[in-house]
Protein chains: 2
Amino acid sequence: MLTRRVAGPAQQVGLAIWARAAGTLAPPRNTEFALLQDSDLAVFDSILGSGGVITDPHEVDPYNRDWMGKYRGRGRCVLRPRSTAQVSALLRHCSARRLAVVPQGGNTGLVGGSVPVHDEVVLSTGLMTTLLGFDPGSGALTAQAGAVLATLEAAARERGHAMPLDLGASGSCAIGGNVATNAGGIRLLRHGPLHGSVLGLEVVLAGGQVLDLLSSLRKDNTGYDLKQLFIGSEGTLGVITAVAIQCPAASPATSLAYLAVPSFKAAQQAHGVLQAARQNLGELLSAFEFLDRESLEVAKQFLPGARDPLPGSDTVIPYTAQAPFFLVVEIAGSSEQHNAAMLEAFLESTMGEGRVLDGVVAQDSRQAGEIWALREGITEALRHRGAIYKYDLSFRVEEMYGVVGAARERLASAYPSGFLGGGAGSTAGSDTEHALKVVGYGHLGDGNVHLNISAPRYDAGLEALIEPWVYEFTAAHSGSISAEHGLGRMKAPCIGYSKPPEAVRLMRSIKAAFDPQGILNPYKVLPPE
Amino acid sequence: MLTRRVAGPAQQVGLAIWARAAGTLAPPRNTEFALLQDSDLAVFDSILGSGGVITDPHEVDPYNRDWMGKYRGRGRCVLRPRSTAQVSALLRHCSARRLAVVPQGGNTGLVGGSVPVHDEVVLSTGLMTTLLGFDPGSGALTAQAGAVLATLEAAARERGHAMPLDLGASGSCAIGGNVATNAGGIRLLRHGPLHGSVLGLEVVLAGGQVLDLLSSLRKDNTGYDLKQLFIGSEGTLGVITAVAIQCPAASPATSLAYLAVPSFKAAQQAHGVLQAARQNLGELLSAFEFLDRESLEVAKQFLPGARDPLPGSDTVIPYTAQAPFFLVVEIAGSSEQHNAAMLEAFLESTMGEGRVLDGVVAQDSRQAGEIWALREGITEALRHRGAIYKYDLSFRVEEMYGVVGAARERLASAYPSGFLGGGAGSTAGSDTEHALKVVGYGHLGDGNVHLNISAPRYDAGLEALIEPWVYEFTAAHSGSISAEHGLGRMKAPCIGYSKPPEAVRLMRSIKAAFDPQGILNPYKVLPPE
C-alpha cells in the first residue's frame, strides 16, 4: 500500500549524486560575513541551552543537503530554538557579528533555498511546533513556524476545518517554510494562494527585532500589508516564527475521478474538460491535476505498490493503455448524493463527446488515496530514478504543456544516439537506467506545469542544454520561471526572465531596508549585483 | 423600486455640512511641495491635450470633496489621463517639480483618502476605463484602473464569470481604487481578499517609472510579491494604472434568505446561525451579512421605496417587529434544486431551535434585489440623514457587536437630555432630526462591523467623545481600526492602535524607497513623523 506522503529530509536517497554542473556551482562566498568562532557557539549554547545547538558533523550533514541531493552547503552548526525570544536573541548575536544565517523548516524545498551555500549557520524551526490556538468562530489557526503541515491539517480536521493548502511534502514540510516559499499545491485552485489565506505572521528581523503581525482577524486594512512581503521571500527578509491562517470549513463529502484524455488539448481547450469542470462542477471543484503518460510510467516503476488506476490491458477499452494524458479531478461538497449526481453529469457530458477516453471514480477513500499517492508520488519516484532537473513553470493554461514537448525535441536532437547510451527523450513503456526521461505533470487548473528531466546523474553538459533555454522559452511565452517553488539558489540569477529591472531594483531596496547587512539567506532570491 | 447601487460622486448630498471638528482639521501643508504655476498647467496641457486638464473651479469642486461631505481639499486642477504613458509623463513632471498628487478613482472612499488635503493636484483615472482582456481559460480579467466595478462585473458575467468582489458603491467605484484601498465587501467571505484575487498590476511610480507587474498568471513565485504592497497602499506608493484579476466561474443559481434573530449572540455563538451556515451550507455560502434594527429603521426612512422584508405587523409572528438583529444569508451554487434543499434544511434546523425568530426566502431576483438594496443602502440612507461618523472595525466574530452597545452607552450618558434636544443613542422606531443614532451593520462572517454614528451635523465635541475612545476600545479588544476602508486622512494618525512601532518604521522605509519625495497622496496612511 502506498503512503500518501513523501518522507522528510531524514530519509536518504539511494544514489549519492552531488552537483558539479554549471548552474549548481556556488557563487563566491561573501567575505564580509564573519567566520564562525568557538565564542559564537558559546553564545548560542547560552541562549538555547542543552540540545539546542548541533555541531557534530554527522548530525549537521542532513541540514546541509537538499531533498534532491542537488545542493550541499558546509554549515558547521545548526541552531534549534524553541521560542521567538530565542530566535530574536540568536539573530541579535548573528547580526552583531555579521554571521550569515539560513532559516530552515522541513527542508523540502526544490530550488536549494533552505540549505547553506557556504558556511552559513542553519537556524532550524524543527523544535517550534506548538499549535498556539484555533478560533472556532472564524476558523483561524495559529501555530509556531515549525509545525508540520500534516499535523496542522489533522488539528484543523478535528475541529471541522481544513488547511487551505496541501502538497506532496505535507508529512514533513513546515508551515513557516510553506509561507516563506508561498507554497501552492493542489488546493490552490479552490482556496487561492497563501496571500489570501494567511491572516497574520510573527517575524524576527535580521537585527533581532520581533515584528508582531500575528493578527488572526479576517480583515485589517491599517497601512501597508507587510506580512505579504514575507510570503514568498524565502527567508531573506526575516525569520517567520508563527503563522495565523484561515482554515475553510471541511467538506464532509469528497469524490475523485481519474480520467484518460486523448490529448492535452482535449483537457484544456475552450470547450475541453477543464472548462466543463468549471461550468458543471462549479463551487464543488477542489482539484484539477494532470500527469502525462511518462509521469505515470515513472511512478509505476519507482513507487512501491503503485497501481495504474486505468490498466488498459484489463479493461474493455484497451486504447487507454496508450492514452497520453491523465486528469485527477476532485470535488468536495456537503452531500455525497449531490456530489455523485454532479460528477456523473460531468462525466457523461465529457465522455459522450469524446473528450475523455476512459475514467474511473474512486469508490472509497482507500482508492482515492491510491490515486492521490500516484499523482503526488511522481516527485518522489523521480528522485529514486536518479538526478532530476526540475522546472516549475506557469503559463496560460492553453500553452502550459508546450514546454514539455519542446524539451523532448531539444534533448532528442542533442543526443540522437542517446544519453550515456540510453534513449534520449522518453517514450512510454521504454526505460533504461541510462535514458533521459522528460516528464510533465502538475496543476492544470492553475496553469502550473512541473517539467522534470530525469537523468542518471547531474551533468554540466546536459544542464547547459536545458538552461537558460527553458527560461528563455518561458519568458518568450509570457510564463513564470517559478510558479510555486520560489527562486532559492537555483533561479536567483534568472529573475530577469520573469521580472523587469524596475521590480528587481525595488526588491533590492526592500531587502536593504529589512536586512541591511544581508545576513539572511544570502545568495538566494536576488541575483548578485 | 430601489436601485441596488448607490450613486457616484456626481450626486450631491442635500445637507451641505463641512467639517470643523478636531479630527477632520487638516494637518499643516508640507511647505517642501511646490505651488502650482501656470507653466505646470501648460505642461499638463501638452501631455494630455484637449479636455485632459480641468481648472474651472466649479468643475474641479466635486474632485475636492469626499462622498460623505466630510473632507474638502482645495486642489486647483484635475488631470485626466487616458493612458499609462500619460500618467508616466505627468508624474515625471510632478516629481521634477515636487508637486504633490492625489490619485483618484471613483471617489467613493470613506476615510478622506481620495481628495486633496491642501492644494494637491488630482490625478483622476476617470477616463482610463478600457477592458484590456479576458482569458476564458483561466477567468483572468485585465482592465485599466478607472474601469467601474459594475461595468467589469457585467463584462465578466457575459463570459460566465463574476468579479471576486462586490460592494455598495459598485456603480461608481473604480477597480484601481478598489485595489488601492484593498476593498472588502460582501463576497470576501466566499472569494477571500484582493490579496488572493489580484493577479497583476501595472503601476506608475512617483518618478514616472512604469512598473509592469501586469501578469495574468495564476501563480508566479519569482521574488518578493511587490504588487501586494500596492494593494491597500491608498495611492501612497504608486498610481495603479491597470489591474489583472481572477474572476471565479459565475454560479448559475443564487438564493437569499433574510432572517430575524433574537440577539447578536444567537447569530454568532458557538452553535449559532453562522456556525450552522458554515456547516450546513458549506461551499454554497456566498454572503453572511447583518444589520441591527436601528440600521433597518434608518434604511426604511431614508431609502426611497425601501420595504421591510419582515413587516412584523403583517405577519402571524408579530414579535419580529421588535427583533433586534437581521441576517442576510446568500448561497450560490450550480443547481436551484440543490440550493433550495440545502437552504430549507438550514432554516429548519435553526428555526426549530429558536435561533431564528422568523425568516423569508426571496422568491425571485426582484425580491433578492430589494433585500440587497436594503442592506447595501444603509450607507446611503445614513448620508441622507445628515453627518456621519463612520468606523469600520473588525474583531473576533464573537466580540464584534460589543462596540455598538458601548458607543450607545457612552453617548447616552454624555447627552442625557439628548443631543441638540433629540434623544441620545437611539431606540427602534424613534427618530427625530436632532437625535443621534448609533447603528451597526456589516459583514458578520468576516468579523467586520460598520459602527455609524449619525448626527445632524459634524461637531467637535461629539467627535472628541467618540475619538480616540473608539480606537482605544478596538485596540483593547485586539481588533482592527480599519477592516476594509483603509486609513486615508481620517485614521492616519491612529495607525498605532493597530500596528506596532516596528511595523510603522518598516512602512516608512518602504514609502521612502518608493516615493522618496513623498509627493504621492501626502498626509494619508502614515502618521506625521
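A quick note: this is a predicted structure, and the numbers were derived from the prediction, not measured. (Residues numbered from 1 in each chain as written. Chains lettered and ligands numbered in written order. Predicted model: local features only at pLDDT ≥ 70, side-chain atom pairs only at ≥ 80, totals over all residues. Heavy atoms only, no water.)

## Describing the overall build of chain A
(1) Moving on: Secondary structure assignment for chain A yields 18 helices and 16 strands.
(2) Moving on: The C-alpha radius of gyration of chain A comes to 23 Å, within 12% of the 24 Å expected for a compact globule of 529 residues.
(3) Moving on: Along the three orthogonal principal directions, the C-alpha set of chain A runs to about 70 × 60 × 45 Å.
(4) Moving on: Long-range pairs, those at least 24 residues apart, make up 76% of the contacts in chain A with a sequence separation of at least 6.
(5) Moving on: Of the roughly 17700 Å² of accessible surface on chain A, a fraction of 53% belongs to carbon and sulfur atoms.
(6) Moving on: Charged side chains in chain A number 44 positive and 51 negative. The centres of these two groups are separated by 4 Å. (Helix = DSSP H or I, 4+ residues; strand = E, 2+ residues; numbered from the N terminus. Rg over C-alpha atoms; globule rule 2.2 N^0.38 Å. Contact = heavy atoms within 4.5 Å. Areas by Shrake-Rupley, 256 points an atom, 1.4 Å probe, with all protein chains shown as cover. Lys, Arg positive; Asp, Glu negative; His and termini not counted. Charge placed at Lys NZ, Arg CZ, Asp CG, Glu CD.)

## Let's talk about the sheet that holds strand E1 (residues 53–54) of chain A
All names here are of chain A.
(1) Moving on: Pairing in this open sheet of four strands is mixed, and the strands run E1-E2-E4-E3 from one edge to the other. The outermost strands of the open sheet, each flanked by one partner alone, are E1 and strand E3 (101–104).
(2) Moving on: Across four bridges, the pairing between E3 and strand E4 (residues 121–124) is parallel. When the sheet's bridge partners are listed, Pro103 is paired in E4 with Leu123. (Pairing = 2+ DSSP bridges.)

## Considerations on the interface of chain A and chain B
When the parts of a complex come together, some accessible area is lost, and that lost area is often taken as the interface size.
(1) Moving on: Taken together, the contact between chain A and chain B spans 85 residues of the former and 85 residues of the latter.
(2) Moving on: Interface area lost by chain A to chain B is led by A:Lys219, A:Asn221 and A:Tyr224, which between them contribute 16%.
(3) Moving on: Linking chain A with chain B are six salt bridges.
(4) Moving on: Close ionic contact of A:Arg396 with B:Asp135 constitutes a salt bridge, the shortest N to O distance being 3.3 Å.
(5) Moving on: Counting across the interface, chain A meets chain B through 31 residue pairs in polar contact (both at pLDDT 80 or more).
(6) Moving on: Elements represented by at least two residues in the side of chain A that touches chain B include exactly helix H6 (188–191), helix H7 (194–197), strand E8 (210–213), helix H8 (227–230), helix H10 (273–281), strand E12 (325–333), helix H12 (336–352) and helix H18 (501–514) of chain A.
(7) Moving on: Looking at which element gives the most residues to the side of chain A that touches chain B, the answer is H18(A), with 10 residues.
(8) Moving on: Looking at the side of chain A that touches chain B residue by residue, the classes come out as 33 nonpolar, 35 polar and 17 charged. (Buried area = accessible area lost by both parts, 1.4 Å probe. Salt bridge = Lys/Arg side-chain N within 4 Å of Asp/Glu carboxyl O. Polar contact = N/O pair within 3.5 Å; in protein donor to acceptor, adjacent residues only side chain to side chain. Nonpolar A, V, L, I, M, F, W, Y, C, P; charged D, E, K, R; others polar.)

## Side note on H12(A)
(1) Moving on: With 17 residues, H12(A) ought to run about 24 Å at 1.5 Å a step, and its terminal C-alpha atoms sit 24 Å apart, in line with that.
(2) Moving on: Among the residues of H12(A), those classed as buried are A:His338, A:Asn339, A:Met342, A:Leu343, A:Phe346, A:Leu347 and A:Thr350. In a view along the axis of H12(A), the buried residues occupy a sector of 155°, so they form one face of it. Along H12(A), exposed side chains directed more than 90 degrees from the buried face belong to A:Gln337, A:Glu348 and A:Gly352.
(3) Moving on: Looking at the buried residues of H12(A), the elements they touch are strand E10 (253–261), H10, E12 and strand E13 (358–361) of chain A together with helix H12 (336–352) of chain B.
(4) Moving on: One or two residues past the end of H12(A) sits A:Gly354, with phi positive at roughly 80°. (Expected span 1.5 Å × (residues − 1). Buried < 20%, exposed > 50% of the residue type's maximum accessible area, 1.4 Å probe, protein only. Arc of directions from axis to C-beta.)

## Brief notes about the pairing of strand E5 (residues 131–135) of chain B
All names here are of chain B.
(1) Moving on: As paired strands, E5 and strand E6 (residues 140–144) are joined by four bridges and run antiparallel to one another. In the strand pairing of E6, Phe134 is matched with Leu141.
(2) Moving on: In this antiparallel pair of consecutive strands, E5 and E6, the connection spans four residues, and Gly139 shows a positive phi of 80°.

## Here's the deal with the sheet that holds strand E5 (residues 131–135) of chain A
Residue and element names in this part refer to chain A.
(1) Moving on: Read across the open sheet, the five strands follow the order E5-E6-E9-E7-E8; overall the sheet is antiparallel. Since the sheet does not close on itself, it has two edges, and those belong to E5 and E8, each with one partner. Neighbour-to-neighbour, the strand axes of this sheet turn through a mean angle of 10°, independent of strand direction.
(2) Moving on: The sheet contact formed by strand E6 (residues 140–144) and strand E9 (residues 239–246) spans five bridges and is antiparallel. Considered in E9, the bridge of Thr142 is made with Ala244.
(3) Moving on: Strands in contact with helix H3 (residues 84–97) are strand E7 (198–204), E8 and E9; relative to E7, the strand with the most contacts, it is inclined by about 45°. (Axes fitted to C-alpha atoms, helices over the stretch in contact; angles between N-to-C directions.)

## Structural notes on the packing of helix H15 (residues 402–414) of chain A against helix H17 (residues 469–476) of chain A
Residues and elements named next belong to chain A.
(1) Moving on: Running from amino to carboxyl end, H15 crosses H17 at an angle of 145°, the nearest separation of the two axes being 11 Å. Considering only the axes of H15 and H17, their crossing is right-handed. In this structure, H15 uses Gly402, Val403, Ala406, Ala407 and Arg410 to contact H17, whose residues at the interface are Trp469, Val470 and Phe473.
(2) Moving on: When its residues are assigned to classes, the contact of H15 with H17 shows six nonpolar, one polar and one charged. (Left-handed = near helix turned anticlockwise from the far one by under 90°.)

## Observations regarding the side chain of A:Lys524
(1) Moving on: Mapped onto the elements of the fold, A:Lys524 is located in the segment after H18.
(2) Moving on: Buried charge without a partner: A:Lys524 forms no salt bridge, and the closest opposite charge is A:Glu120, 4.9 Å away.

## Section: the relation of the copies chain A and chain B
Think of it as a corkscrew move, a rotation about one axis and a shift along it, taking one chain copy to the other.
(1) Moving on: Expressed as a screw transformation, the operator carrying chain A onto chain B has a rotation angle of 180° and an axial translation of 0.0 Å, and the superposed copies differ by an RMSD of 0.0 Å. Here the transformation between the copies is reduced to the relation of a two-fold axis. In terms of C-alpha distance to the rotation axis, chain A has A:Gly196 as its closest residue, with the C-alpha 2.0 Å off the axis. (Least-squares fit on C-alpha atoms with pLDDT ≥ 70 in both.)

## Describing the state of the cysteines
(1) Moving on: Considering all chains together, one arrives at zero disulfides over all chains under this definition.
(2) Moving on: Summary of cysteine pairing: A:Cys77 is not part of a disulfide, and the nearest cysteine sulfur, belonging to A:Cys94, is at 7.9 Å.
(3) Moving on: Here B:Cys247 stays free of any disulfide, with the sulfur of B:Cys173 as its closest cysteine sulfur at 14 Å.
(4) Moving on: Classification of B:Cys247 as buried rests on a relative accessible area of 1%. (Disulfide = S-S within 2.5 Å.)

## Describing the UniProt feature "domain: FAD-binding PCMH-type" (unreviewed entry) in chain A
(1) Moving on: Summarizing the sequence annotation, UniProt attributes the feature "domain: FAD-binding PCMH-type" (unreviewed entry) to residues 71–250 of chain A in the numbering used throughout.
(2) Moving on: Across residues 71–250 of chain A one finds 23% helix and 22% strand; the C-alpha atoms that close the span lie 38 Å apart. (UniProt positions renumbered as here; feature names shortened; annotations may be inferred.)

## Here we look at the environment of A:Gly200
Residues and elements named next belong to chain A.
(1) Moving on: You can see Gly200 is positioned in strand E7.
(2) Moving on: On the accessibility criterion, Gly200 (0% relative accessible area) is buried.
(3) Moving on: Considering only alpha carbons, one finds Gly200 and Ala244, 44 residues apart in sequence, at a separation of 4.8 Å.
(4) Moving on: Setting aside residues no more than four positions away along its own chain, Gly200 makes contact with Leu213, Leu214, Ser215, Lys227, Ala242, Val243 and Ala244.

## Remarks on the packing of aromatic side chains
(1) Moving on: In the structure shown here, the tally under the stated rule is 28 aromatic pairs over all chains.
(2) Moving on: Aromatic pair B:Phe325 and B:Tyr401: ring centres 4.6 Å apart, planes at 85°, arrangement edge-to-face. Highlighted residues: B:Phe325 in strand E12 (residues 325–333) and B:Tyr401 in the loop between strand E14 (387–394) and helix H15 (402–414), separated in sequence by 76 residues. Taken individually, B:Phe325 and B:Tyr401 each receive the classification buried, so the pair is uniform in this respect.
(3) Moving on: Of the aromatic side chains, those joined through ring pairs into one cluster are A:Phe264, A:Phe290, A:Phe325 and A:Tyr401.
(4) Moving on: The cationic tip of A:Arg383 hangs over the ring face of A:Trp67; the distance from NZ or CZ to the ring centre is 4.2 Å. (Phe/Tyr/Trp six-rings, centres within 6.5 Å; stacked < 30°, edge-to-face > 60°. Lys NZ or Arg CZ within 6 Å of the ring centre and 35° of its normal.)

## Overview of the environment of B:Leu48
All names here are of chain B.
(1) Moving on: Mapped onto the elements, Leu48 comes out in helix H1 (residues 38–48).
(2) Moving on: Note: C-alpha distance between Leu48 and Arg80 (32 residues apart in sequence) is 7.4 Å.
(3) Moving on: Other than its neighbours up to four places away in sequence, Leu48 contacts Val53, Leu79, Arg80, Pro81, Gln86 and Leu90.

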